[in-house]
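# Structural description and commentary
Below are the chains, spelled out letter by letter.
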Amino acid sequence: MTGVLDVAAGSPRIVVLAGGVGGSKFVVGVREAARRRWPDAAGGTRAEITVIANTGDDLWLSGLRLQPDVDSMIYALAGVNDTERGWGRAGESERVAAELHAWGAGWPWFTLGDLDLGAHIARTGWLRDGASVTEVVDRLASRWPLGVGLLPMTDAEVDTHVTTAQGRMHFQEWWTRHRAALPALGFDWPGIAQSEPAPGVVDALAAADVILFAPSNPVVSLGPILAVPGIAAAVRATAGAVVGVSPIIAGAPVRGMADACLAAVGLPAAADAVGRHYGARSAGGLLDAWLIAEEDASLAEGLEATGLCAPVRPLWMRDLDSAAALATAALDSTAALDSIALGAHQRS
Ligand code: FO1
């Protein structure tokens, strides 16, 4: 089945909105799927893949600027990530963290690995020298041949905060100290209303043949990206296809604690609820297609009634092949959309 992606002159332009752990697994799958489908002469891909990363997880700690989702994406694409923990570097040590703890500095519940600290120190130094977040992300990402372009959603600081009955705190304290166990009454991103998309973000979305929503947390990962003024509008306006992948399978988040976040915004942890939350572009929403798991096949009809194409596919990413298969399924659903569009065109 061919679609716009297969006939795109030269190389298809793929843009992925992604958070940290699930997002980086999915993006590694997109890169592999693109390598297999649109190979270049050097073992890479001629597809242009641009990742727009969530920076709502970011925080200042011990005087250092951390960007967890950006770092997870870079480490995973470089193959140097700790696949057990899901964040940080492989082969990590914690000598400096032990010293910080001994000094009573930082957060005892938040581990800064020695290798990871290298990134945080480099980033903080460049920021203090006046570099923008975009420039810093580009410098960090250029250390390895990632095979994708990586952009922060914005250059502004818009750290996620959580309001709980025990008070308001940074997302990272709620997530790592309290394991999202304190019921979240709401989330907010100070300053996001005044923020702007980082340079290149709107252009990438406008030029995309397909925009993919990674199976990331819709509240604290894709939510902040879409809350940066101008980004949701650029997604709605793109001439390409917009395809999302459910982060919920059979009523449970694939990983992380998305259900704790969904409850706070009044959403059940259900694949159709999240698809409806984003909405069908034909009804003023963001998506053309929303991939749901085989375990949720019964939800497809209801989703299609809202104007969404709801392909039922295996959503578990256990290894590179399954991640690439999921990415291929998402890219292939653009062909399904084409045939729908073509059909609509022929009918009109
Ligand atoms: N997650 C934890 O659960 N415990 C930690 O001690 C921790 C430290 C940490 C340090 C750097 C970094 O980039 C991420 C870190 N994370 C840690 C993960 C972080 O909370 C991420 O934001 C979540 O995984 C959500 O994406």
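What this report covers is the structure whose coordinates are included nearby. (Residues numbered from 1 in each chain as written. Predicted model: local features only at pLDDT ≥ 70, side-chain atom pairs only at ≥ 80, totals over all residues. Heavy atoms only, no water.)

Helix and strand counts for the protein stand at 14 helices and 14 strands. Whereas a compact globule of 348 residues would reach a radius of gyration of roughly 20 Å, the protein reaches 20 Å, a difference of no more than 12%. Based on the C-alpha atoms only, the size of the protein along its principal axes is roughly 70 × 50 × 40 Å. Relative to all contacts within the protein whose residues are 6 or more apart in sequence, the contacts with residues 24 or more apart total 69%. Of the side-chain charges in the protein, 25 are positive and 38 negative, and the distance between the mean point of each set is 1 Å. (Helix = DSSP H or I, 4+ residues; strand = E, 2+ residues; numbered from the N terminus. Rg over C-alpha atoms; globule rule 2.2 N^0.38 Å. Contact = heavy atoms within 4.5 Å. Lys, Arg positive; Asp, Glu negative; His and termini not counted. Charge placed at Lys NZ, Arg CZ, Asp CG, Glu CD.)

For the rest of this paragraph, the subject is the pattern of salt bridges. Taken as a whole and assessed by the stated rule, the structure comprises 13 salt bridges. One salt bridge in this structure joins Glu32 and Arg35, with 3.9 Å as the shortest N-O distance. With Glu32 and Arg35 both in helix H2 (residues 21-37) and 3 residues apart, this pair spans about one turn of that helix. Given a relative accessible area of 29%, Arg35 falls into the partly exposed group. (Salt bridge = Lys/Arg side-chain N within 4 Å of Asp/Glu carboxyl O. Buried < 20%, exposed > 50% of the residue type's maximum accessible area, 1.4 Å probe, protein only.)

Turning our attention to the site of the ligand. Around the ligand sit Asp57, Pro68, Asp69, Trp87, Trp109, Phe110, Thr111, Asp116, Gln172, Trp175, Thr176 and Arg179, and that is every residue in its neighbourhood. Between the ligand and Thr111 there is a distance of 2.9 Å, counted from an oxygen atom to a backbone nitrogen or oxygen. Those elements that place two or more of their residues in the shell around the ligand are helix H3 (68-78) and helix H7 (171-177). Here the element with the most residues in the shell around the ligand is H7; it accounts for 3 residues. Classifying every residue of the shell around the ligand by side-chain character gives 5 nonpolar, 3 polar and 4 charged. (Near = heavy atom within 4 Å. Polar contact = N/O pair within 3.5 Å; in protein donor to acceptor, adjacent residues only side chain to side chain. Nonpolar A, V, L, I, M, F, W, Y, C, P; charged D, E, K, R; others polar.)

Before going further, it helps to spend a moment on unusual backbone geometry. Unusually for a residue other than glycine, Arg179 sits at a positive phi of about 50°. The residue Arg179 is located in the loop between H7 and strand E8 (184-188) in this model. Backbone geometry at Ala180 places phi at a positive 60°, although glycine is not the residue there. Examined against the element boundaries, Ala180 turns out to sit in the loop between H7 and E8.

Aromatic ring pairs: the centre-centre distance and the angle between the two ring planes describe each pair. In total, this model carries 8 aromatic pairs according to the counting rule given. Consider the rings of Trp174 and Trp175, whose centres lie 6.2 Å apart with planes at 50°: the pair is tilted. Overall, Trp174 belongs to the buried group, its relative accessible area being 0%. Residue class for Trp175 comes out buried when judged on its relative accessible area of 19%. Put simply, the rings of Phe171, Trp174, Trp175 and Phe187 pair up and form one aromatic cluster. Its guanidinium or amino end placed over the ring of Trp87, Arg85 lies 3.8 Å from that ring's centre, counting from NZ or CZ. Lying over the aromatic face of Tyr75, Arg89 brings its terminal NZ or CZ to 5.5 Å of the ring centre. (Phe/Tyr/Trp six-rings, centres within 6.5 Å; stacked < 30°, edge-to-face > 60°. Lys NZ or Arg CZ within 6 Å of the ring centre and 35° of its normal.)

With that settled, the discussion passes to H3. Of all 11 residues that make up H3, 10 are buried, and the element is covered over most of its length. Of all the residues in H3, the buried ones are Pro68, Asp69, Val70, Asp71, Ser72, Met73, Ile74, Tyr75, Ala76 and Leu77. Among the residues trailing H3, Gly79 stands out with phi positive, at a value near 75°.

Turning our eyes to something else, we now look at the sheet that holds E8. Read across the sheet, 3 strands follow the order E7-E6-E8 without closing on themselves; strand pairing throughout is antiparallel. The open sheet terminates on both sides in strands that have one partner only, identified here as strand E7 (167-170) and E8. Strand-to-strand twist of the sheet, defined as the mean angle between neighbouring strand axes without regard to direction, takes the value 25°. (Pairing = 2+ DSSP bridges. Axes fitted to C-alpha atoms, helices over the stretch in contact; angles between N-to-C directions.)

Let's shift gears to the environment of Thr176. Position of Thr176 among the secondary structure elements: in helix H7. Thr176 gets classed as buried once you look at its relative accessible area, which sits at 16%. Thr176 sits 94 residues away from Ala270 along the chain, and the two C-alpha atoms are 24 Å apart. Beyond its immediate sequence surroundings of up to four residues, Thr176 is in contact with Trp109 and Phe110.

For the rest of this paragraph, the subject is the packing of H2 against H3. For the pair H2 and H3, interaxial distance at closest approach is 9 Å and the crossing angle is 40°. Relative to H3, the element H2 lies oblique. Helix-helix and strand crossings are classified by hand; for H2 and H3 the assignment is right-handed. On H3, the residues that touch Gly23, Ser24, Val27, Val28 and Arg31 of H2 are Ser72, Met73, Ala76 and Leu77. Its residues assigned to classes, the contact of H2 with H3 comprises 5 nonpolar, 3 polar and 1 charged. (Parallel < 35°, antiparallel > 145°, perpendicular 65-115°, else oblique. Left-handed = near helix turned anticlockwise from the far one by under 90°.)

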